[in-house]
Amino acid sequence: MFSFSSMQFLSVGLPANKVPVRSLNMNPTRMSMKDPGNMAVVAAPKWAQKTITLPPHKRGCHLVTPKIVKEIEQDLSGFKCGLAHVFLHHTSASLTINENYDYDVRDDTETFLNRIVPEGPSAPWRHTIEGPDDMPAHIKSSMFGCALMIPITNGRLNMGTWQGIWLCEHRDYPTPRTVVVTLNGI
Amino acid sequence: MFSFSSMQFLSVGLPANKVPVRSLNMNPTRMSMKDPGNMAVVAAPKWAQKTITLPPHKRGCHLVTPKIVKEIEQDLSGFKCGLAHVFLHHTSASLTINENYDYDVRDDTETFLNRIVPEGPSAPWRHTIEGPDDMPAHIKSSMFGCALMIPITNGRLNMGTWQGIWLCEHRDYPTPRTVVVTLNGI
Amino acid sequence: MFSFSSMQFLSVGLPANKVPVRSLNMNPTRMSMKDPGNMAVVAAPKWAQKTITLPPHKRGCHLVTPKIVKEIEQDLSGFKCGLAHVFLHHTSASLTINENYDYDVRDDTETFLNRIVPEGPSAPWRHTIEGPDDMPAHIKSSMFGCALMIPITNGRLNMGTWQGIWLCEHRDYPTPRTVVVTLNGI
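Here we summarise the structure given alongside this text. The structure displayed is predicted, hence computed values, not measured ones. Starting afresh in each chain, residues are numbered from 1 along the sequence in its written order. Here chains are named by letter from A upward and ligands by number from 1 upward, in the order in which they appear as written. It should be noted that, the model being predicted, local features are given only for residues of pLDDT at least 70 and side-chain atom pairs only at 80 or more, the latter also being counted only at that level, while totals for whole chains, interfaces and linings use all residues. By convention in this description, side-chain values take in all heavy atoms of the structure and omit both hydrogens and water.

### Here's the deal with the overall build of chain A
And then number 1: Under the scheme used here, helices are H or I runs from DSSP no shorter than 4 residues and strands are E runs no shorter than 2 residues, and both carry numbers assigned from the N terminus. Within chain A, the secondary structure is distributed over three helices and 10 strands.
And then number 2: Only protein chains enter the accessibility calculation, which uses a 1.4 Å probe; a residue whose area is less than 20% of its type maximum is buried, one above 50% is exposed, and one in between is partly exposed. Expressed as a percentage of its 186 residues, the buried residues of chain A come to 62%.
And then number 3: For the accessible areas, the method is Shrake-Rupley and the probe is 1.4 Å, while residue cover comes only from the protein chains on display. Accessible area for chain A stands at about 7200 Å²; split by element, carbon and sulfur atoms hold 53% of it.

What follows is the structure, encoded as structure tokens:
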């Protein structure tokens, strides 16, 4: 239905005066109806939100796509078109999208972060009360960011072949990390 | 209503054939109705957009959560579930989410940025017409980014306990900064 | 209609019990109606999604705002208020928003990235199978990110005067790059 090769958008709206109320299915994912006129689709915008706890990971970059998708795939399957927002509740870890195959890429990225952000006695940080790894962790968190937005297409996260979701743990001591996932679409 | 501890999503849609039109309240924030069956909520998707002018801040990282929330909290309170987008209209400052308590963390982050991005006569920049602090400011702006997306839950920004919104001013001369806030949800 | 100077939000919702069905226009972009009472606007939330292929660009930072806007402007014009999400399907390139006028800013940014991320025989990377420029490209991709979210106001991308969309190509060999654009709004 979403013809991406087409040079025309598939615009999706809710022209209330065309909604055949009786025929609408209670399942929002079935509430769509093609309109040959303007390619509009009658559908109910949906919102879903869930808080996920990721288990402790050791300092470094970790591929967590399967963990996150497993938590949301049932609801994700109900969205034909939309956006998935993944938000980390912490300031000493980060989320990023990067290569999903060779774990050396994750290790090399951790090597880069540790080279670029000074740590230990020679570091210039004033914020040291939480340990030598804390201030570097805050900086790395802002470098990569704590949030991702990923398109949803036909019930799945629409990422590139080699893209995956990374949780980057910047603290030495592994702790569970909280993530809020918000799905919005039709 | 949004049971985050639950392993089930709270899916939010508009099953039109279940809308008890007469009972719908004109206030969009009151247009939600729990459906015990599938936890669906009947609600009107809402959009709100506002341009905020942040006062001049000196070069460095500044916690601006209170300034931004004060500008939007009245409308924010009307969203049970949604997303808040904060977009900075400039290329020599940035927005990031980081630690909201110890100002040393902001100062150390500014120290890091100044160490990582060369500035002054020894810097290799060709773009120097706007002053020695301008090109470094552009680079820092792309390192941290100019936009944030934060989940909304029960009328509030759903950030972690220690998270706050930072405005990072990368220019020497403080100027007002324009931010466009867009709220979307139900 | 969207009075940004106003201290009040323009809240946009779908108060179903106030929709004058007969008068609603089939064109979603015409489905808005001001409500003096609460400044609410009756409108159909719309979603549109399109995959764009950007032509090969040489290693470096490139302004691609015109290329992207040309692909979406027809549909963009139908949104009075919303958000545009631009998502790159690759892990060795990035998208960022930065200065849209002086190409020296793009060249200086490329100079910075090459200084900050080691490349070649002296680099510490283990992931070298795809060439000396590949691992640095992955790191740069996470530094700037692969996604942008831009507010839509009155049918246009609401960016600052000097802001533009950059595609940063981090590989030596230019290849076409796939971008998924998702528009959502009213």
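Read on, since the account is not over.
### A short note on the sheet that holds strand E9 (residues 177–185) of chain B
All names here are of chain B.
And then number 1: Strand pairing is defined by DSSP finding a minimum of two bridges between the two strands. Taken together, the five strands give an open sheet; going across it, the order is E2-E9-E4-E6-E7, and neighbouring strands pair in antiparallel fashion. The sheet is open, and its two borders are formed by strand E2 (46–54) and strand E7 (156–157), each paired with just one other strand.
And then number 2: Here strand E6 (residues 147–153) runs beside E7; their pairing, made up of two bridges, is antiparallel. Directly across from Ile152, in E7, lies its bridge partner Leu157.
And then number 3: Contacts between residues were defined by any pair of non-hydrogen atoms, one from each residue, lying within 4.5 Å. What counts as an axis is a line fitted to C-alpha atoms, over the stretch in contact for a helix, and the angles between N-to-C directions run from 0 to 180 degrees. Against the sheet, helix H1 (residues 65–76) makes contact with E2, strand E4 (81–88), E6, E7 and E9, and its axis sits at roughly 155° relative to E2, the strand it touches most.

### Here we look at the packing of aromatic side chains
And then number 1: For Phe, Tyr and Trp, where Trp contributes only its six-membered ring, two rings pair if their centres lie within 6.5 Å, and the inter-plane angle classes them as stacked under 30 degrees, edge-to-face over 60, or tilted in between. Applying the stated criterion across every chain yields a total of three aromatic pairs over all chains.
And then number 2: Should the NZ of a Lys or the CZ of an Arg lie within 6 Å of a ring centre and within 35 degrees of the ring normal, that charge is described as sitting over the ring. Over the ring of Phe79 of chain A we find Lys46 of chain A, and its NZ or CZ is 4.2 Å from the ring centre.

### Considering the pattern of salt bridges
And then number 1: Salt bridge, as used here, is a side-chain nitrogen of Lys or Arg placed within 4 Å of a carboxyl oxygen of Asp or Glu. One pass over the structure, following the stated rule, counts 27 salt bridges over all chains.
And then number 2: Notably, a salt bridge pairs Asp104 of chain A with Arg126 of chain C, separated by 3.8 Å at the nearest N-O pair. A residue pair is termed interchain when its members come from two chains, as with Asp104 of chain A in helix H2 (residues 103–116) and Arg126 of chain C in the loop between helix H2 (103–116) and helix H3 (134–144).
And then number 3: Look at Asp104 of chain A and you get buried, because its relative accessible area is 16%.
And then number 4: Its salt-bridge partner being Asp134 of chain C, residue Arg171 of chain C comes within 3.0 Å of it at the nearest N-O pair. Of this pair, Arg171 of chain C sits in the loop between strand E7 (163–169) and strand E8 (177–185) while Asp134 of chain C sits in helix H3, and the two are 37 residues apart along the sequence.

### Examining H2 of chain C
Every α-helix carries 3.6 residues per turn, so stepping three or four residues along brings you back to the same face.
Residues and elements named next belong to chain C.
And then number 1: By this rule the span expected of a helix is its residue count minus one, scaled by 1.5 Å. Across its 14 residues, H2 extends 20 Å between first and last C-alpha, which sits within 8% of the 20 Å expected from 1.5 Å per residue.
And then number 2: All buried positions along H2 are accounted for by Asp104, Val105, Arg106, Asp108, Thr109, Glu110, Phe112, Leu113 and Ile116.
And then number 3: In this structure Asp102 caps H2, since a side-chain oxygen of it lies 2.8 Å from the backbone nitrogen of Asp104. For the purposes of these results, a polar contact is taken to be a pair of N or O atoms within 3.5 Å, where, inside protein, one atom must be able to donate a hydrogen and its partner to accept one; residues adjacent in sequence count only when each atom of the pair is a side-chain atom.

### Focus on the sheet that holds strand E9 (residues 163–169) of chain A
Residue and element names in this part refer to chain A.
And then number 1: On the basis of which strands lie adjacent, the open sheet formed by three strands has the order E4-E9-E6 and antiparallel pairing. The outermost strands of the open sheet, each flanked by one partner alone, are strand E4 (60–63) and strand E6 (93–99). Here the average twist between neighbouring strands, direction ignored, is 35°.
And then number 2: When E4 meets E9, the two strands line up antiparallel, connected through four bridges. In the sheet register, Gly60 faces E9, and the bridge partner there is Glu169.

### Observations regarding the environment of Arg177 of chain C
All names here are of chain C.
And then number 1: Looking at the element boundaries, Arg177 is found in strand E8.
And then number 2: Remark: the alpha-carbon pair of Arg177 and Leu167, spanning 10 residues in sequence, is separated by 9.2 Å.
And then number 3: In this structure Arg177 touches Ile52, Thr53, Leu54, Leu88, His90, Ser92, Ala93, Leu167, Glu169 and Arg171, once residues within four positions along its chain are discounted.

### Points about the packing of H2 of chain A against helix H3 (residues 134–144) of chain A
All names here are of chain A.
And then number 1: The interhelical angle for the contact between H2 and H3, taken along N-to-C directions, is 120°, at an axis separation of 10 Å. It follows from the interaxial angle that H2 and H3 lie oblique. The chirality of how H2 crosses H3 is right-handed. On the side of H2, the interface is formed by Thr109, Phe112, Leu113, Asn114 and Ile116, while H3 contributes Lys140, Met143 and Phe144.
And then number 2: Think of it as three bins: nonpolar holds Ala, Val, Leu, Ile, Met, Phe, Trp, Tyr, Cys and Pro, charged holds Asp, Glu, Lys and Arg, and polar takes everything else, Gly as well. A class-by-class count of the residues in the contact of H2 with H3 yields five nonpolar, two polar and one charged. An angle below 35 degrees is treated as roughly parallel, one above 145 as roughly antiparallel, one from 65 to 115 as roughly perpendicular, and anything else as oblique. In this scheme the crossing of two helices becomes right-handed for a clockwise turn of the near helix relative to the far one and left-handed for an anticlockwise turn of less than a right angle.

### Points about the pairing of strand E4 (residues 93–99) of chain C
All names here are of chain C.
And then number 1: The buried fraction of E4 amounts to seven of the seven residues, a majority that puts the element mostly inside the structure.
And then number 2: Judged from the seven bridges that link them, E4 and E7 form a sheet pairing that is antiparallel. When the sheet's bridge partners are listed, Thr96 is paired in E7 with Trp166.

### Looking at the side chain of His90 of chain C
And then number 1: Checked against the element boundaries, His90 of chain C lands in the loop between strand E3 (81–88) and E4.
And then number 2: In this structure His90 of chain C comes out as buried when scored by relative accessible area, which is 18%.
And then number 3: Dropping the residues within four chain positions of it, His90 of chain C is found in contact with Gln163 of chain A together with Ser141, Cys146, Pro176, Arg177 and Thr178 of chain C.

### A few points about the pairing of E3 of chain C
Residue and element names in this part refer to chain C.
And then number 1: Of all eight residues that make up E3, eight are buried, and the element is covered over most of its length.
And then number 2: With burial as the criterion, each face of E3 is covered, one bearing Cys81, Leu83, His85 and Phe87 and the other bearing Gly82, Ala84, Val86 and Leu88.
And then number 3: Across seven bridges, the pairing between E3 and strand E5 (residues 147–153) is antiparallel. Paired with Cys81 across the strands is Thr153, a residue of E5.
And then number 4: Summarising the sheet, E3 and E8 pair through seven bridges and their orientation is antiparallel. If you follow His85 over to E8, its bridge partner there is Thr182.

### A look at unusual backbone geometry
Generally, phi is negative for residues other than glycine and the peptide bonds are trans, each holding for most cases.
All names here are of chain B.
And then number 1: At Asn154, a position not held by glycine, the phi torsion is positive, near 50°.
And then number 2: Tracing the backbone through its elements, the reader meets Asn154 in the loop between E6 and E7.
And then number 3: The class of Asn154 is partly exposed, set by a relative accessible area of 46%.

### Describing the environment of Leu54 of chain A
And then number 1: The topology assignment puts Leu54 of chain A in strand E3 (residues 46–54).
And then number 2: Spatially, the C-alpha atoms of Leu54 of chain A and Leu113 of chain A are 22 Å apart, while their sequence positions differ by 59 residues.

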